[in-house]
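Here's the letter readout for the chains.
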Amino acid sequence: MTTSRFAPSPTGRLHLGHAYSAVLGRLAAGRWLLRIEDLDPGRARPEFVGGIMEDLAWLGLAPDGVPLVQSARVAAYADALEQLKREGLVYACFCTRADIAASLTAPHGDAGSGYPGTCRELADDPERRERTPHSWRLNSANAMAAAGLPGWREADGITFASDAAQIGDAILARKDAPSSYHLACVVDDAASGVDLVVRGADLRPSTPVQRLLQVLLGLPEPTYLHHPLVVHEDGRRLAKRDSAPTLAAMRDAGVDGRALADALATGLLPPSYRLAMP
Ligand code: GLU
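Residues numbered from 1 in each chain as written. Predicted model: local features only at pLDDT ≥ 70, side-chain atom pairs only at ≥ 80, totals over all residues. Heavy atoms only, no water.

J.: Would you mind going over the site of the ligand in detail, with residue names and values included?
T.: With respect to spatial proximity, the complete set of residues near the ligand consists of Arg5, Ala7, Pro8, Ser9, Glu37, Tyr181, Cys185, Arg199 and Leu203. For the ligand, a nitrogen atom lies 2.7 Å from a polar atom in the backbone of Ala7. In this structure, Arg199 approaches the ligand through a side-chain N or O atom, which is 2.9 Å from an oxygen atom. Here the ligand loses 80% of its free accessible area of 300 Å² to cover by the protein chains. (Near = heavy atom within 4 Å. Polar contact = N/O pair within 3.5 Å; in protein donor to acceptor, adjacent residues only side chain to side chain. Areas by Shrake-Rupley, 256 points an atom, 1.4 Å probe, with all protein chains shown as cover.)

J.: Residues and numbers for the pattern of salt bridges, please.
T.: Side-chain pairs of opposite charge can arise whenever the charged atoms involved come near each other. All told, the structure shown has 17 salt bridges when counted by the stated rule. Residue Glu154 is joined to Arg204 by a salt bridge in which the shortest nitrogen-to-oxygen separation is 3.1 Å. On the criterion of sequence distance, the pair formed by Glu154 in strand E6 (residues 151–154) and Arg204 in the loop between strand E9 (196–200) and helix H9 (207–217) is long-range, its members being 50 residues apart. Salt bridges sharing common partners tie together Arg5, Arg35, Glu37 and Asp189. (Salt bridge = Lys/Arg side-chain N within 4 Å of Asp/Glu carboxyl O. Helix = DSSP H or I, 4+ residues; strand = E, 2+ residues; numbered from the N terminus.)

J.: Can you explain the packing of aromatic side chains? Please cite residues and give values.
T.: In the structure shown here, the tally under the stated rule is 2 aromatic pairs. Between Phe6 and Trp32, the aromatic rings sit 6.1 Å apart at their centres with planes inclined by 20 degrees, giving stacked as the arrangement. Placement of the pair is Phe6 in strand E1 (residues 3–6) and Trp32 in strand E2 (residues 31–36), with a sequence separation of 26 residues. The exposure class of Phe6 is buried, given its relative accessible area of 6%. Classification of Trp32 as buried rests on a relative accessible area of 0%. With 5.5 Å between their ring centres and 25 degrees between their planes, Trp152 and Phe160 make a pair best called stacked. Directly above the ring of Trp136 sits Lys85, whose terminal nitrogen or CZ lies 4.2 Å from the centroid. (Phe/Tyr/Trp six-rings, centres within 6.5 Å; stacked < 30°, edge-to-face > 60°. Buried < 20%, exposed > 50% of the residue type's maximum accessible area, 1.4 Å probe, protein only. Lys NZ or Arg CZ within 6 Å of the ring centre and 35° of its normal.)

J.: Give me the lowdown on unusual backbone geometry, citing residues and values where you can.
T.: A positive phi is found at Ser272, a non-glycine position, where the angle reads about 75 degrees. Tracing the backbone shows Ser272 in the loop between helix H11 (257–265) and strand E12 (273–276). Of the residues examined, Ser272 reaches a relative accessible area of 37% and is grouped as partly exposed.

J.: If you had to explain helix H6 (residues 140–147) to someone new, which residues and values would you point to?
T.: Regarding H6, the residues found buried are Ser140, Ala143, Met144 and Ala147. Buried residues along H6 cover an arc of 95 degrees about the axis, so they all sit on one side. With respect to the buried face of H6, the exposed residues turned more than 90 degrees away are Ala141, Ala145 and Ala146. Packed against the buried residues of H6 are strand E5 (135–138), helix H7 (164–167) and H9. Just past H6, the residue Gly148 takes up positive phi, approximately 75 degrees. (Arc of directions from axis to C-beta. Contact = heavy atoms within 4.5 Å.)

All quantities given are derived from atomic positions and should not be read as evidence of function.
Shown next, in the form of structure tokens:
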């Protein structure tokens, strides 16, 4: 049976884009799991976890099994990081955000692809690590040499090769946060038996690094379905901060959640929204 998951971060209330993603995942899979991605200590809030449950129930979407909560799984992520350390595929990085920004001529959204490699060749210094905040970065050159150029399969049958330039030395953990999104995502997808990842095309740039981590950690390869995003009619993205109504506000305004989910399943959006690739 195909297993998929909906993996929201509890950093705000869900909006129509989340509903679309959840509906597609539910439709595409026999088993549909809920994962709460609450590893960002600065942004995740427990009250939004309840909001996610409420919104899914309103849509008539019942996840199978017990939701997986990432903050309860740090030991599994630490084990995966240890494995990569033993294999010499990660290094400690002492750069601050300001250091990295100052050494770049162009802004980069992704902490991995824009990193100039300042700490890559440093000898390991456990004492400095003890005293100084640091992160653990993937040594992407070593990792690619160990793994080759792993491809990933999209749901339409097309396979893409991982793009070395896109991967970069991604951050896998920080001293104050036991795992980055990428590491936790691949560890959990494997632990939950997820074999179909259904998520927005805005996350497609994450797939090469996640596929590489799967190869390095000996984890199975899921199939990926990156769907178009729900945007405002004028093309603006929905964001937790913008004027897009949350699902909670739609419910309060009297919208029928189950009817909305049925419409989304056939590709019908409420007026003033449309689908677009990022
Ligand atoms: N937590 C991520 C988000 O809310 C989704 C991650 C994923 O589906 O891989 O954007």
